[in-house]
Every structure is written in structure tokens, then in C-alpha cells.
Amino acid sequence: MEACRYLLLAVVLLAALPRRTTTSLQETSREEIEKALETIEEVASNNLGQLCVSQSYRLLSVPLQTDRFEPVRQKADLAALLVQELALTRQSHGNQFAPHQLHTVVDGVAHSLLGSERSLLAARVLAVNSTTNLVSSCSVWRRERGGTEWREPGELLVGIEVPQSLPWYPPTGIFQPSMPSAAGFWTFPYYSCQARSWVISYSVTVPTHKHGNSGYVSVDVDITRLGINQCDPSEPHSSKDNMLNVFRGSHKCHNTTKCVYSESERKWSRGSYVCHCKAGYYMAHPQVPFLGNLVEAAWLDALSNGSSTYETFRCERCAPGCQTCDSHAPCLASYNWPFRIGLLSISSSCIFLTLCLIGYVYHNRRLKVFKVASPIFLCITLTGCVIMYSEMAAIFPVLDMYTCILTKWTRHFGFCITYTALLMKTWRVSLTYRVKSAHKVKLTDKQLLQWMFPILLVMLIYLSTWTLSAPPIGEDIKDNSGLLFKQCTYNWWDHSIAIGEVFFLAWGVRVCYNVRNAESLFNEARLISYAIYNIALVNIMMVAFHLFLFPRAGPDIKYLLGFIRTQLSTSVTVALVFGPKVLRVIRGQGDQWDKRARARAVTASFSLNGIGLVADETTDLYQENEELKEEIQKLAGQIEFMKIVSMEVNNRHVKPKPGGYFSGIVGAGMHLQSPRTPREPQNSGSESRDHV
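Residues numbered from 1 in each chain as written. Predicted model: local features only at pLDDT ≥ 70, side-chain atom pairs only at ≥ 80, totals over all residues. Heavy atoms only, no water.

Draft legend 1. Molecular detail of the sheet that holds strand 12 (residues 273–277). An order of 11-12-14 is seen for the 3 strands of this open sheet, with the pairing classed as antiparallel. With partners counted over all chains shown, the strands left at the sheet margins are strand 11 (257–261) and strand 14 (290–291), one partner each. As judged from the 5 bridges shared by strand 11 and strand 12, these two strands associate in the antiparallel manner. Bridging from a neighbouring strand, T257 pairs with C277 of strand 12. (Pairing = 2+ DSSP bridges. Helix = DSSP H or I, 4+ residues; strand = E, 2+ residues; numbered from the N terminus.)

In C-alpha cells:
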């Protein structure tokens, strides 16, 4: 009864044990993995040779991760403790089991181990005489595949020496390296001829006591249900998966393919995977993915015989730019480089001519046709045009992050410089034109530059922040034919700056509308207004073309649209603002005032830098105001003089004093008559003078 109570306690404790971690696996060499795979293939193909005739098992010299079998280990450790406590160490006088009681305990522990874990194939508990190596007591239980449990009487017999060929027997077995704290040892995986399965055994040694008996508890775990995963390790190893991760990375897929593990009925077999083409590759001939067993056979054949069959299990590279494909059809849009070079050459010529024009304006800056238009603002305008022309060089190659950054800078900063310079000059005319008082508004070039600088600074800060925080990159987009090409990304940075430029254009159009009736020297204010109208119209039209008419145009069409936009906005601006000036200089009229402006009495108020129709070269507005005041005073004196002359001459009752200021005028034959007095004959006039 006492033995039964202990047996019942053992069964309860075996059923409720906590888990704890076990050893970590050591690295296995490539040669050992290949030898293990050859052994697995021999067993799977029933090419056993002398196996199961002269040998009882075939060992794999590769360590197996045993974390998944932690409950088995814990139950075996507890069983060993029970055997040590109840069966072997309690042989002292007065506390000794009877032989039948000892056999009952050992048999109960072995059967409880087998029944408490469904993955076990066998459970053993035995006592061996340490001196003679004879079995003192043993109990072996096995389980068939159908689930039937039965006692194995022939593996170990009482009174017979323990066989030295048992893989699980601690004195002679082959075990994996384990943690120092582990009570027992795990064997390497091996194929058991008796069980016809791949198993791994765990054995625990019960320490020797004073009577010379050693105890052993051993269990066999069925691992045939696990699969041989030879694919590359893409995820951390897990003890809950159904694969043997020790064989990871041993596949033979070509470097143009990738290994994908395949669940199959033959779990323990070499080549339990398929080879799929990697991204950017395709199969030359439509077929199923390459089967792993065929790939393994071709690889072995090439390794041993130098066969070229293995090269048939490779994929062909897709056309450049294709992530996935079914053939070698192109995925990238082609670039018409001669066409793009031609457009770039035209833009480069425009840049060269604009730079020459800057030098030409500076050389002739003292001519009236350039002087009245502020040479410094003319040079700033041309500098912005050069930057805008440079956009064609930025978008010429295949776009990447650096070319996209350069594109944004040349487009927006060049536009800001050109447009602001033109607008500042027109704004000065607008302010002067709207003044209705006698006092004139004085706006010099220096003051306008002070107004222009904050606008350029805001644009500079915005573009710098954009470049440092979220630089644009070249993204793949598809054209109408589904071919990919690079285009700079558009995000809220682009939308924000576009909204700001729209409001800036609207303000410029309003300023130009306000000065539509203003007269200026050489008609420059009107020409600048036309240029600003043109810039606004061209940008709006090109945005509409990109969004609605050509949303999926190819790279060459996009480049052509950029060229057209640059020419219509930049070249037309240069032609309108500078064309008439250069033409006048060529005709030799660059230093002559505009006759039509002189006829319309255009003053300094309506010139673009404050210079009016004066003979000298002064540009001081204060001095010009003082001169105008002097002219007005002279006119007021002449009017007063004419009033006095009219009163003296036409009044018959007033006679000029001899030698007076007006006597010379009358003596010279000047006769003024009041319109109310009729003219008298000559003689009567003489009499009248005598009378008076």
C-alpha cells in the first residue's frame, strides 16, 4: 500500500510541472549539416544498407533545439528523483521495499512517464549494479503508432549485462552538450530501427548509493512529425514551430531564386522546399516552381560529375527597373537623349545670351534708355532669368534626390528673383501714379531693394528648410504605356509654395492693372505689365496641361513641357523688357528721350526710377522738385507781368511814365487795346495823346 501511495504521488507530480529553459545550440559546421542531410536522404529513400541489420540506429551529428520538449525533460527529472527517493536509497533496515514492491514502483513510474506525454515512444526505468553492470531491476514501456501501450520485455532483462550499443545509455551513449545545471542529457537525433522513427532520447542518471546500484531514467521522443527546414532563417527560431531550424540555410536554390518551405507528408526528407524566382527575376519557360528534391539532386550531380543540369534551375533577370515580370519586356520608359540634348542646347544658348545681356546693360548703364529703367533692377531680373533657364539642366538626367533639389531651387528661386524685380519697379510707378498731392513720393532704388530683400529671404528660408528636413526624391511613376520613369515627389511642400506663388502673382496682376493708364518713359511700365501677365498666364496654363491634358505623359513629353514653360515665361519676359531697349541702342537712339513721351508731357513721376525729361544727368528727386518749384514761380511772375501790361496799355486814363518799365514797350510800337474800346483813326489818336 505504501508503494501505491508513492506511485500515485509520482503520477500527480508528473502531470503538474513548471517549464524552464534548456541549453543553447552550438554552431554546426557546413560539412556536418551535409552529412546529416545525406543520412536523412538515405533513410527517406529506404537506402539503409546495413542499417537495421548490423546496427540498431543511425545517428545525426547535429544538435537539435530541445526547448520544445521541455515538459518531457521535467517529468523525467521528477521521475528520477522519485526513483532515487523511493526505490534505491530506501534499502536500509526497517525501511526496505519488498522485491515485488520495488518492481511495482519502477514499473509504475515508467508507465506513468509514457502515459503522461503523447509524444513519447518509450520510457525506461532501470537499476544497474555498478560493479558487474548487470541489470538489477528494469521496466520498459513502448507505444505503437496506433496509440497502443505495451511492456517491452526483450530490450533489457534482469541479470543480463546492459548492451553497449544503446544511444540513450549514459555510460556509452552520444549526447549533446547541455547546460551545467541540467540533471540529464539529450542525445543527438537518431533513426531507431526498432521504432522505425526519428527519435531523440533524454536520460537522467540516479546517483550511486552505498549498496552499489545506479539508477537510470530514459525516454524516447518521436520527432518524425517535425520538418526539415533548409530555407534561410528569416525569423527568430521558435520552440513552437514544427520545423527543425538547425538545417536552416542548407538549401540549394540558385542565387536567382529564393527558398520557400513546403509542408509535405514526408517530413524527414531532404529538399522539402520549392525555389521561387526572386524579385526582379522570372522563369524563362512557364512551369511550376522548382522542386527542392530535384534541385538537390541536380546540385549533387553538378558537384560530383560537373553536370550543367543545375543551371536549368535558375531564373532570368528582368529588364532594368522591373520589380516583378513574366518576360524580358521593358519596364522603364526610354529617354530620347538626342531630343533632350537639343532642347538643353537651346536653353544653354539662352543662358549664354542672357549673361551677355547683363554685361551689355552694365556697359550701357549711362544711356537714358537703360538709366531711366534702373540698371541694377535690370541686372537682377536677368540673373533670375539665368537661374530659371538652369532648370532645364537640372531635369535633364534621370532624376534623383540631388537633381530634384536642384530643380526646386532653380524653378522657385529664379521665379522669385525675376518676378520680384519686375514687380518692385511697377509698384513704384503705381505708388507715384496714385499720389494726388503736389508733394511727390520719393522711392529710390535703395529703398526698393530694402523692400525686395525680405521677400527673397522668406523664399530662401523656405527652400533651405525644405531641403534639410524633407528633400524631394525621384519616385517611379508610370506613363500611358505603363513604363516607369523618375519624377520628383510632390507633397505638401510643393502645394504650400504653389499657393504662395499664386497669391504673389495675383498681387502683381493687381499692381499692373492699377498702372494700366500710366504713361512712362519708353513705355516700359506697360511692357513690364505685359511680361507679368504673361508669366501668370503661362504658369497657370502649364499646370493645367500637367494635371488634365498630360497627367501620364512620358519623360520626354515632360521635358518638352518644361522647355515650353521656360521659353514662354522667361524668354518672352526678356524679349518684352529688354528687346525695345537694345533695339533703340542699335539704332543710335539709346541716349535720346522718347518723343512720344515728351509730347505727352511725361514727367519724372512716371519713369521707373524717377528720372524725367531733363537735360542734365541728375537723378536726385529732391533737386528735381526744387527745379519744378522755381519753374512754377517763374510762371507765376510772368502771369502777374501780363496782367499789369494789359491794365496799363488798354487803359486810356493811365499814361506810362517817361523812362518807366512799360514806356519802352509802348515806344517800340506795341499797342494793346481793350476789347471794349473801338480803335480810333491815326490822327485822332495823335490829338488825343496831345490832349492828354
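Draft legend 2. Summary view of the environment of I532. Here I532 is to be found in helix 13 (residues 524–549). A relative accessible area of 0% means that I532 is categorised as buried. Residues I532 and G508, 24 residues apart in the sequence, show an inter-C-alpha distance of 7.0 Å. (Buried < 20%, exposed > 50% of the residue type's maximum accessible area, 1.4 Å probe, protein only.)

Draft legend 3. Representation of the packing of helix 8 (residues 375–389) against helix 14 (residues 555–586) in the model. Axis separation between helix 8 and helix 14 bottoms out at 10 Å; the angle between their running directions is 155°. Classified by the angle between their axes, helix 8 and helix 14 sit roughly antiparallel to one another. As helix 8 runs across helix 14, the sense of the crossing is left-handed. In this structure, helix 8 uses L378, T381, L382, C385, M388 and Y389 to contact helix 14, whose residues at the interface are T566, Q567, T570, S571, V574, V577, F578 and K581. Each residue belonging to the contact of helix 8 with helix 14 can be placed in one class, and the counts come to 8 nonpolar, 5 polar and 1 charged. (Axes fitted to C-alpha atoms, helices over the stretch in contact; angles between N-to-C directions. Parallel < 35°, antiparallel > 145°, perpendicular 65-115°, else oblique. Left-handed = near helix turned anticlockwise from the far one by under 90°. Contact = heavy atoms within 4.5 Å. Nonpolar A, V, L, I, M, F, W, Y, C, P; charged D, E, K, R; others polar.)

Draft legend 4. Broad picture of the nonpolar core. Counting 43 residues, the largest nonpolar core has V361, L378, L382, Y419, I532, V577 and F578 as the members making the most contacts within it. Elements that contribute at least two residues to this core include exactly helix 6 (337–363), helix 7 (368–371), helix 8, helix 10 (401–434), helix 11 (445–469), helix 12 (492–514), helix 13 and helix 14. It is helix 10 that contributes the most residues to this core, 10 residues altogether. Setting aside chain neighbours within four positions, we find Y419 in contact with F504, L505, G508, V509, I532 and I535. Formed by 41 residues, the second largest nonpolar core is a distinct cluster that contains V62, L120, V246 and W268. (Core = buried A, V, L, I, M, F, W, Y, C linked by side-chain atoms within 4.5 Å.)

Draft legend 5. A look at the packing of helix 6 against helix 14. Following both chains from N to C, one finds helix 6 and helix 14 inclined at 25°, their axes separated by 11 Å at the closest point. Taken as axis vectors, helix 6 and helix 14 run roughly parallel relative to one another. Pair helix 6 / helix 14 crosses with left-handed handedness. When helix 6 is examined against helix 14, the residues F339, R340, L343, L344, I346, S347, C350, L357, Y360 and V361 are found in contact with a partner set consisting of P555, D556, Y559, L560, F563, Q567, S571, V574, F578, V582 and V585. Of the residues that constitute the contact of helix 6 with helix 14, the class distribution is 16 nonpolar, 3 polar and 2 charged.

Draft legend 6. Structural view of the confidence of the model for the chain. Residues of the chain with pLDDT of at least 70 account for 75%, and the chain-wide mean is 77. Mean pLDDT across the secondary structure elements of the chain bottoms out at helix 18 (residues 682–691), with 38, and peaks at helix 6, with 93. Taken as a whole, residues 5–26 scores under 50 in pLDDT and shows 47 contacts with residues more than four places along the chain or in a different chain. Contacts for the low-pLDDT stretch residues 665–692, under 50 throughout, to residues beyond four places or in other chains number 16 contacts. (pLDDT = per-residue confidence, 0-100.)

Draft legend 7. Looking closely at the pattern of salt bridges. One pass over the structure, following the stated rule, counts 19 salt bridges. Here E34 and K252 are joined by a salt bridge, their closest N and O atoms 3.2 Å apart. Of this pair, E34 sits in helix 2 (residues 30–44) while K252 sits in the loop between strand 10 (243–244) and strand 11; the two residues are 218 residues apart in sequence, bridging distant segments of the chain. Its relative accessible area of 3% is what places K252 among the buried residues. We note a salt bridge from K252 to E296, for which the minimum N-O separation is 3.7 Å. Here K252 is found in the loop between strand 10 and strand 11, whereas its partner E296 is found in helix 5 (residues 292–305), with 44 residues between them in sequence. For the pair K252 and E296, one class covers both residues: buried. A single salt-bridge network, built from bridges that share partners, covers R30, E34, K252, R270 and E296. (Salt bridge = Lys/Arg side-chain N within 4 Å of Asp/Glu carboxyl O.)

Draft legend 8. The arrangement of the state of the cysteines in detail. Taken as a whole and assessed by the stated rule, the structure comprises 6 disulfides. The side chain of C231 participates in a disulfide bridge whose partner is C259; the two sulfur atoms lie 1.9 Å from each other. On the sign convention where negative is left-handed, the bridge of C231 and C259, at about -60° about the S-S bond, is left-handed. Of this pair, C231 sits in the loop between strand 9 (227–228) and strand 10 while C259 sits in strand 11, placing them 28 residues apart in sequence. Relative accessible area serves as the criterion here: at 15%, C259 is assigned to the buried category. The disulfide partner of C318 is C325, and the S-S distance across this bridge is 1.8 Å. Because the sign of the S-S torsion sets the handedness, a value of about -85° for the bond joining C318 and C325 places this disulfide among the left-handed ones. Here C318 and C325 have matching classes, each one buried. (Disulfide = S-S within 2.5 Å.)

Draft legend 9. Inspection of the packing of aromatic side chains at higher detail. For the structure on display, the rule yields 22 aromatic pairs. Both rings, one in Y335 and one in W337, keep their centres 5.2 Å apart while their planes meet at 15°; by these two values the pair is stacked. Here W337 falls in the partly exposed class, since its relative accessible area comes to 35%. What links up through ring pairs into an aromatic cluster is the set Y335, W337, F396 and Y559. The lysine or arginine in question, K252, covers the ring of W299, its NZ or CZ lying 4.7 Å from the ring centre. Lying across the ring of F396, R340 places its NZ or CZ 5.9 Å from the centre. (Phe/Tyr/Trp six-rings, centres within 6.5 Å; stacked < 30°, edge-to-face > 60°. Lys NZ or Arg CZ within 6 Å of the ring centre and 35° of its normal.)

Draft legend 10. Looking closely at helix 5. In this model, helix 5 (14 residues) spans 19 Å end to end at C-alpha, consistent with the 20 Å of a helix rising 1.5 Å per residue. Within helix 5, burial applies to G292, V295, E296 and A298. Down the axis of helix 5, the sector holding all buried residues measures 165°, keeping them to one side. Residues of helix 5 that are exposed and point over 90 degrees away from its buried face: S304 and N305. Where helix 5 is buried, its residues contact strand 12 and strand 14. A positive phi of about 70° marks G306, the residue just after helix 5. (Expected span 1.5 Å × (residues − 1). Arc of directions from axis to C-beta.)

Draft legend 11. Quick look at unusual backbone geometry. Even without being glycine, N133 reaches a positive phi, approximately 60°. Mapped onto the elements, N133 comes out in the loop between strand 2 (120–129) and strand 3 (135–143). The phi dihedral of R196 is positive, around 55°, even though this residue is not glycine. Residue position: R196 is located in the loop between strand 6 (190–192) and strand 7 (197–206). Given a relative accessible area of 48%, R196 falls into the partly exposed group.

Draft legend 12. Local environment of the pairing of strand 3. Burial runs high along strand 3: 8 of the 9 residues are buried. Connecting strand 2 to the antiparallel partner strand 3 that follows it, the hairpin turn spans 5 residues, and N133 within it adopts a positive phi of roughly 60°. As judged from the 3 bridges shared by strand 3 and strand 4 (residues 149–151), these two strands associate in the antiparallel manner. Pairing of R142 across the sheet is with W150, part of strand 4.

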